[in-house]
Amino acid sequence: MAKKNVIVGQSGGPTAVINSSLYGVVSESLAHAEEIGEVFGMVNGIEGFLEDRILNFREALPGEKLEYLKHTPGAYLGSCRYKLPESLEDSVYPLLFSKFEKLDIGWFFYIGGNDSMDTVSKLSRYAAQTGSPIRIIGEPKTIDNDLVHTDHTPGYGSAAKYVASTVREIVLDASVYEKKSVTIVEIMGRHAGWLTAAGALARKYKGDNPKYIYLPESDFDTENFLKDIENALEKDCCVVVCVSEGIHDAAGTFICEYDSTVGTDTFGHKMLAGCGKYLENLVRSRLGVKARSVELNVSQRCSASLISSADQQEAVSAGAFGVQAALKGETGKMVSFIRSTGEDGSCRIDCGLEDVNVICNEEKTIPAEWITGNGSDISEEFIKYALPLIQGQVHVPLGEDGLPVFVYRK
């Protein structure tokens, strides 16, 4: 019986460890040479595959070059935000599967977040509807940590470590002058505040900066915000706060929309940015104190300098586990993480499988009981949840120029 081939793609926003998941898929596939023929990569996801942009990993990253994926940020294969049609009767589906057939694809892996799991769901349902033997598995990825039916997602630990470390540095920088000042740190998070909550990890003692943390899970009131700042300034001259880019008022209007009209992406999501700048101007004009805003922007999701070793190892394990599951015949599933806590308080993470159809288009937010301070802070339960995910340091080799050595697609 002729060997079938593997194809893998990446989709959505990059992370510091999305390539570690890719490494897990590719290395595990190559290790099963008795069952798997070639290992192909889709360049720019499903969108690129439709345009026949693929590569062969045996040729693209031979030998030890494959190992460099584990500390290379971004998405090696390139990404896309292509949304497959809702109707499985659309002509794109037979076109895709005819292309799979020409490449003798037996296993399909897609690394991404919520919208990517939507793609996995549609492809697996079409395969089942048409009797296709292709096994289709979703590999989780998102710094937003908002996928349901998994304890957390690869990419979150490293992004949380970056946020906590950077906020701690900002706090030290902001405290050098004995003059009243307010620094607002804007952090990614549309509807889920997991990443912004990581700002709490920066605190060294009770009452330390950041004084307040505002998440999209709670309605944001600008007048209450100003009162919070005034109260904090009565005790300390330096006040640092963290805000999610997706904070909104009780009517559901994003705070960034107070200042300007925002556009939408291909999935219909509003493109958020600017709430930090709006609040900076509000504090300056209403309270008459020095104010500045810092938007962490893409660095929080792509920095390789602070990759969490735990995050990297889990991403590799998830990639490999997905291949093992597909070889056993699993399909229409997403790899998940299952947490267990030992008697000594140690945290263990194991891989599992969940039905992708109940994951896509759902969103996991921070539990309401973890949000304190009338919506302006986060509880100790979150700290216990997040700390194991940011542990360990990854060595990133440096070149002769003193800069990190990454792998690039030619």
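As shown above, the structure is provided for reference.
Residues numbered from 1 in each chain as written. Predicted model: local features only at pLDDT ≥ 70, side-chain atom pairs only at ≥ 80, totals over all residues. Heavy atoms only, no water.

Digging into the layout of surface pockets
Roughly 390 Å³ of internal volume is contained in the second largest pocket. Looking at the second largest pocket, it is lined by 18 residues, and the ones nearest its centre are Arg203, Tyr205, Lys206, Gly207 and Asp377. Elements with a contribution of two residues or more to the lining of the second largest pocket: helix H8 (222–233), strand S13 (377–378) and helix H12 (380–386). A per-class count over the lining of the second largest pocket returns seven nonpolar, three polar and eight charged. (1 Å grid on protein atoms, 1.4 Å probe; cavity = no way out; pocket = protein on both sides within 12 Å on 5 of 7 lines; lining within 4 Å. Points joined across faces, edges and corners; volume = space filled by probe spheres on them. Helix = DSSP H or I, 4+ residues; strand = E, 2+ residues; numbered from the N terminus. Nonpolar A, V, L, I, M, F, W, Y, C, P; charged D, E, K, R; others polar.)

A closer look at the nonpolar core
Grouped together as the largest cluster of nonpolar side chains are 37 residues, with contacts concentrated most on Tyr156, Ile378 and Phe382. Within the residue set of this core, elements represented by two or more residues are helix H6 (156–174), strand S6 (181–187), helix H7 (194–197), strand S8 (238–244) and H12. Looking at this core, the element that brings in the most residues is H6, giving nine residues. Counting 30 residues, the second-largest nonpolar core is a separate cluster that includes Cys80, Val120, Met334 and Cys360. (Core = buried A, V, L, I, M, F, W, Y, C linked by side-chain atoms within 4.5 Å. Buried < 20%, exposed > 50% of the residue type's maximum accessible area, 1.4 Å probe, protein only.)

Topic: the packing of aromatic side chains
In the structure shown here, the tally under the stated rule is 16 aromatic pairs. For the ring pair Tyr212 and Tyr214, a centre distance of 6.1 Å and an interplane angle of 35° mean the geometry is tilted. Taking the centre distance of 5.5 Å and the plane angle of 85° together, the rings of Tyr258 and Tyr278 count as edge-to-face. Within this pair, whereas Tyr258 is found in the loop between S8 and helix H9 (275–287), its partner Tyr278 is found in helix H9, the two being separated by 20 residues in sequence. Tyr258 sits in the partly exposed class, given a relative accessible area of 35%. Given the relative accessible area of 18%, Tyr278 is considered buried. The rings of Phe49, Tyr93, Phe97, Phe100, Phe108, Tyr110 and Tyr126 are connected pair by pair, giving a single aromatic cluster. Residue placement shows Lys364 over the ring face of Trp194; its charged tip is 5.3 Å from the ring centre. (Phe/Tyr/Trp six-rings, centres within 6.5 Å; stacked < 30°, edge-to-face > 60°. Lys NZ or Arg CZ within 6 Å of the ring centre and 35° of its normal.)

Topic: empty space enclosed by the protein
On inspection of all chains with the given rule, the structure shows one cavity of 30 Å³ or more. Space inside the largest cavity adds up to approximately 30 Å³. Lining the largest cavity are Ala16, Ser158, Ala159, Tyr162, Gln300, Arg301, Ser303, Leu306 and Ile307. Among the elements of the structure, H6 and helix H10 (299–302) are those that each provide at least two residues to the lining of the largest cavity. For the lining of the largest cavity, the element with the most residues is H6, which contributes three residues. Each residue belonging to the lining of the largest cavity can be placed in one class, and the counts come to five nonpolar, three polar and one charged.

A short note on the pairing of strand S11 (residues 347–355)
Looking along a regular strand, one sees side chains alternate from face to face of the sheet. Across nine bridges, strand S10 (residues 333–341) lies against S11 in antiparallel orientation. Of the residues in S11, the one forming a bridge with Phe337 is Cys351. Between S10 and S11, which pair antiparallel in sequence order, lie five residues; one of them, Gly345, sits at a positive phi of approximately 90°. (Pairing = 2+ DSSP bridges.)

Honestly, that's just the spatial picture; any functional story needs more than this.
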